[in-house]
Amino acid sequence: MTILLEARNLKKSFGNLAVLSDITLEVKEGELRSIIGPNGAGKTTLFNVITGRIPLDSGQIRFRGEEVTGVRPHVLSRLGMARSFQINNFFPNLTTLENIQLSVQSRLKHGTSTWRDLARSDGMREKTLEVLDLIGLGEHGAELAMNLSYGDQRKLEIGLALGTEPALLLLDEPTSGMSRFESGSMIDLIEKLSKRVTIILIEHDIELVMKVSQRVLVIHYGQKIAEGTPEEIERNEEVQRVYLGGL
Amino acid sequence: MKLIVGRKYLVAVLLCLALFPLGAPTLFSDFYVDLLTKIMIFGIALLGYDIIAGYTGLVSLGHAMFFGLGGYCAAYSTKALSTHNLFPMLGVALLCALGVGLLVGYFSIQTKGIFFVFLTLAFAQFFYLAAFNLTTITGGDNGITLPKVTIGIPKVWEVMVSRPLGFYYLALGFLVLAYLWCHRVISSPFGKILVAIRENEERVSFLGFNVRRIKMKAFMISAFLGVTAGVLYATYNDFVSPGMLHWTLSGDFILMSVLGGMGTLIGPVLGGAIILYVGDFLSSLTENWMIFIGSFFVLTILFAPHGILGLMLKRRWKKNDDPA
């Protein structure tokens, strides 16, 4: 299988604090890769440097065979990389439907036209409804995003990424802050998505990680301490010591 | 919250505006035709301002820069092209807006919030001071007098724009075109992105939109409408002076927009009408009329954050009481 994302020797420091020191990561097409590690391990920072949200200190990133180090987020998005955020980052005063529309619109031929009628754009309606259905918010289209339940907001967060028809989806703690009941439907959604798109998943819910991932990367203080299949990770002594042992 | 004025109301207002001057000679004086002409010219600038400030959320304190630029472009193109025709003046002004807009916009839109406010203010003041101090070119504080303008095909068929009636309908025509354009823009895919940028700029870029380019386009639309209004204002008054570039006028644009209701297109135009009318009325009563405008403004911000238009539409919503 071809390699979709290739990140080599990523380094990032904030002042004297090395948040990422020499992280290397390869993700194959169709894979579901999880990244776990204690709070402050550098997981979200890793997402931020991969998606161009913050600049790297050093290292290289290749995506779909193209060198994309230092490329801005909107360009990466157009190349097929999409992400969701750990803290809800959508458009609270727009409806659920309008939120998804914006995302779908980004891939339409006339998506930034100042002249055309949005509602009449080709495929707009179908694609928007498809994404709404997929994330299970088909009945909440007319609701303002800020009025959705928290669990539904987390799904909308992912829906915004899905509308851009990504090849690689980076999910930053999709179940964070969710109740047990709500996270159940989130797990179903992630499993469904993993059949359609390559996923990198940051997650604290170990059960979820072990269930859905093909490979797991464990980082601690910005360093890789283990990488392998869920079974290998469970057996790894160092991982047990720094992370899983506490559970 | 969405504030949309129904089409039938707009048509009614348009009809009233179209018929108004016919009653003017008997029912009211020409004074009101004159005032309405000014209100409509301001309305064109305010429509453009609403695209950048109301919809995109970039509150510029330099919109007078484009208004004044339009005025000076009209004055210069009269001399340089030795024409009295409005259309070449507009052409020159739009070209200037393109140049200045790209330059000022390029630097300004890279900043946000208070930095955007002050950068646009600084650029606008640069133009104001240039107009004020380069007396040999601009006439300084004395300004430049313009000839009476014509419309039509230059050098082939031209007709003098009569006062006050001809200019009234000219301004009305431009206002309607400006409104139709802005309405088209905000209903387009592009318009939806503007609102999204106002809501959450970062996420818009993560959806694959080039936020800077989109902000730039919005800035240019507001610049084009700003100079258009400026050309009309200067040619209507037959005069342009540095006052048209002054920051207090930029402040007035903000005041009018907030008072009427930002991000609604109609609101700012309404706000402009109220400020110009009430200002005119109050200034005939007292020298300190700004006190009243100021208090009115404070009350609006406190009790009607969506402006007067927001207040009016809210009442209508309550009547309809739409549960969906």
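Residues numbered from 1 in each chain as written. Chains lettered and ligands numbered in written order. Predicted model: local features only at pLDDT ≥ 70, side-chain atom pairs only at ≥ 80, totals over all residues.

Our focus in this paragraph is the overall build of chain A. If you tally the helices and strands in chain A, you get 9 helices and 10 strands. Here chain A has a C-alpha radius of gyration of 18 Å; the compact-globule value for 247 residues is 18 Å, and the two agree. When its C-alpha atoms are laid out on the principal axes, chain A stretches across 55 × 40 × 40 Å. For chain A, the proportion of its 247 residues judged to be buried stands at 44%. Considering only intrachain contacts with a sequence separation of at least 6, the fraction spanning at least 24 residues in chain A is 65%. (Helix = DSSP H or I, 4+ residues; strand = E, 2+ residues; numbered from the N terminus. Rg over C-alpha atoms; globule rule 2.2 N^0.38 Å. Buried ≥ 20, exposed ≤ 12 C-beta atoms within 10 Å, placed from the backbone. Contact = placed C-beta atoms within 7 Å.)

All names here are of chain A. Within the open sheet, the 6 strands sit side by side as β6-β7-β8-β3-β9-β10. Their pairing is mixed. What marks the edges here is a single partner per strand, and that holds for β6 (81-83) and β10 (223-228). Mean inter-strand twist for the sheet, computed between neighbouring axes without regard to direction, equals 15°. Where strand β3 (residues 32-36) meets strand β8 (residues 198-202), 4 bridges bridge the pair, whose relative direction is parallel. Counterpart to L32 in the pairing with β8 is I199. (Pairing = 2+ DSSP bridges. Axes fitted to C-alpha atoms, helices over the stretch in contact; angles between N-to-C directions.)

Counting residues at the interface gives 27 residues for chain A and 23 residues for chain B. Looking at the side of chain A that touches chain B, the elements with two or more residues in it are α2 (73-79) and α3 (96-105) of chain A. Top contributing element to the side of chain A that touches chain B by residue count: α2(A), with 4 residues. When the residues that make up the side of chain A that touches chain B are grouped by side-chain class, the tally is 9 nonpolar, 14 polar and 4 charged. (Nonpolar A, V, L, I, M, F, W, Y, C, P; charged D, E, K, R; others polar.)

We now examine the environment of A:V75. Residues and elements named next belong to chain A. Locating V75 in the fold gives a position in helix α2. The class of V75 is partly exposed, set by 14 C-beta atoms lying within 10 Å. Distance in space between the C-alpha atoms of V75 and L94 is 24 Å, their sequence separation being 19 residues.

Remark on secondary structure: sheet strands pair via backbone hydrogen bonds, oriented parallel or antiparallel. Residue and element names in this part refer to chain A. On the basis of which strands lie adjacent, the open sheet formed by 4 strands has the order β2-β1-β4-β5 and antiparallel pairing. The open sheet has two free edges, formed respectively by β2 (17-28) and β5 (66-67), since each of these has just one partner strand. In this structure, strand β1 (residues 3-14) lies alongside strand β4 (residues 58-63), joined through 5 bridges in antiparallel fashion. Bridged to A7 within β4 is I61. This element, helix α1 (residues 43-50), spans β1, β2 and β4 of the sheet and lies at about 65° to β2.

Another aspect to go through is unusual backbone geometry. Residue and element names in this part refer to chain B. The residue after R163, namely P164, is reached through a cis peptide bond having omega -5°. Inspection of the secondary structure assignment puts P164 in the loop between β3 (157-160) and α7 (165-187). Despite not being glycine, S82 shows a phi value in the positive range, around 35°. Structurally, the position occupied by S82 is in the loop between α3 (64-80) and α4 (86-108). Given 7 C-beta atoms within a 10 Å radius, S82 is considered exposed. We note that L265 has phi near 65°; this positive angle belongs to a residue other than glycine. Along the chain, L265 falls in the loop between α10 (247-260) and α11 (266-283).

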